[in-house]
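# Structural characterization, general
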Amino acid sequence: MSKTVVIGSDHAGVALKKLLSDHLAAQGYDVVDVGPADTKSVDYPIFAARACDAVLAQNALGILICGTGLGMSMTANRRPGIRAALCANEFMARMARLHNDANILCLGERVLGQGLALAIADAFFTTDFEGGRHKRRLDLMESCHDRPQPQHP
C-alpha cells in the first residue's frame, strides 16, 4: 500500500477534511484532495466517485467525509474493489483494516469531534490487513459483485 491518502468530502465535511489533510501530511503521507475546496453546496456522489477512482488507480487508502458519513459510505460501497467503512470509534477503524482490508474510511463531521476523528484516522492508517481466514472472506465479498442480482417486482 502506498503512502498516498486520497481525501474527499461534500460541503458538510470540508473543515474536517482540512484538519485530517494537515494531520496526515505532517505524518509523511502524500495527501491528494479531490475536493471540494469550499462549503458551497455540492452533491456528495460526485466526490465519492472521484475518490474511489483515485484509490483504485493508485492502490491507495482514502477518506470520505460528509455530515454523517452515511451517504459517502453507501455511494463508495457500490463500487467494485472499494471497501468503505463508516467508523465511529478507533476499534471500528482498526477492525475495518485488520479483518476487512477497508480501503476507504468514512467519517461524519457533524457526529464526531475533531479529537475523535483524528484518533479514528490514526487507528485506520496504522493498522494493516491481517490476511489468513479474513482473505478468504474478503474474496467472497468481492465475488458478490460478479453474481446476477435478483430482480425486484
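Residues numbered from 1 in each chain as written. Predicted model: local features only at pLDDT ≥ 70, side-chain atom pairs only at ≥ 80, totals over all residues. Heavy atoms only, no water.

Looking now at the overall build of the protein. Broken down by element type, the protein carries six helices and five strands. Listing every helix and strand of the protein by position from the N terminus yields β-α-β-α-β-α-β-α-β-α-α. Computed over C-alpha atoms, the radius of gyration of the protein comes to 15 Å, within 12% of the 15 Å expected from 2.2 N^0.38 for 153 residues, which places it in the range of a compact globule. Considering only C-alpha atoms, the protein reaches an extent of 40 × 40 × 25 Å along its principal axes. Counting over 153 residues, the protein shows a buried share of 43%. Long-range contacts, defined as pairs at least 24 residues apart, comprise 72% of the intrachain contacts of the protein with a sequence gap of at least 6. (Helix = DSSP H or I, 4+ residues; strand = E, 2+ residues; numbered from the N terminus. Rg over C-alpha atoms; globule rule 2.2 N^0.38 Å. Buried < 20%, exposed > 50% of the residue type's maximum accessible area, 1.4 Å probe, protein only. Contact = heavy atoms within 4.5 Å.)

So, about the packing of helix α4 (residues 90-98) against helix α5 (residues 114-125). Running from amino to carboxyl end, α4 crosses α5 at an angle of 20°, the nearest separation of the two axes being 8 Å. As far as their axial angle goes, α5 and α4 are roughly parallel. Crossing hand, α4 versus α5: right-handed. Contact with α4, carried on its side by E90, A93, R94 and R97, involves A119, I120, A123 and F124 of α5 and no other residues of that element. Residue composition of the contact of α4 with α5, by class: five nonpolar, no polar and three charged. (Axes fitted to C-alpha atoms, helices over the stretch in contact; angles between N-to-C directions. Parallel < 35°, antiparallel > 145°, perpendicular 65-115°, else oblique. Left-handed = near helix turned anticlockwise from the far one by under 90°. Nonpolar A, V, L, I, M, F, W, Y, C, P; charged D, E, K, R; others polar.)

Okay, the nonpolar core next. In terms of nonpolar packing, the biggest core is built from 24 residues, with L20, I63, L105, L107 and F125 touching the most fellow members. When contributions to this core are tallied by element, the ones reaching two or more residues are β1 (4-9), α1 (14-26), β3 (61-66), α4, β5 (104-108) and α5. Non-local contacts of L105, meaning those with residues more than four positions away in its chain, are made with G62, I63, L64, A85, C87, I120, A121 and F124. C66, A76, I82 and I104 belong to the second largest nonpolar core, which has 17 residues in total. (Core = buried A, V, L, I, M, F, W, Y, C linked by side-chain atoms within 4.5 Å.)

Moving on, we come to the sheet that holds β1. Whether parallel or antiparallel, the strands of a sheet pair through hydrogen bonds between backbone atoms. Across the sheet, which stays open at both edges, the five strands sit in the order β2-β1-β3-β5-β4 with parallel pairing between neighbours. At either margin of the open sheet sits one strand with a lone partner, and together these are β2 (30-33) and β4 (84-86). Mean inter-strand twist for the sheet, computed between neighbouring axes without regard to direction, equals 25°. In the sheet, β1 pairs with β2 via four bridges, with the strands oriented parallel. Bridge pairing links I7 to D33 in β2. Lying over the sheet, α1 contacts β1, β2, β3 and β5, oriented at roughly 170° with respect to β1. (Pairing = 2+ DSSP bridges.)

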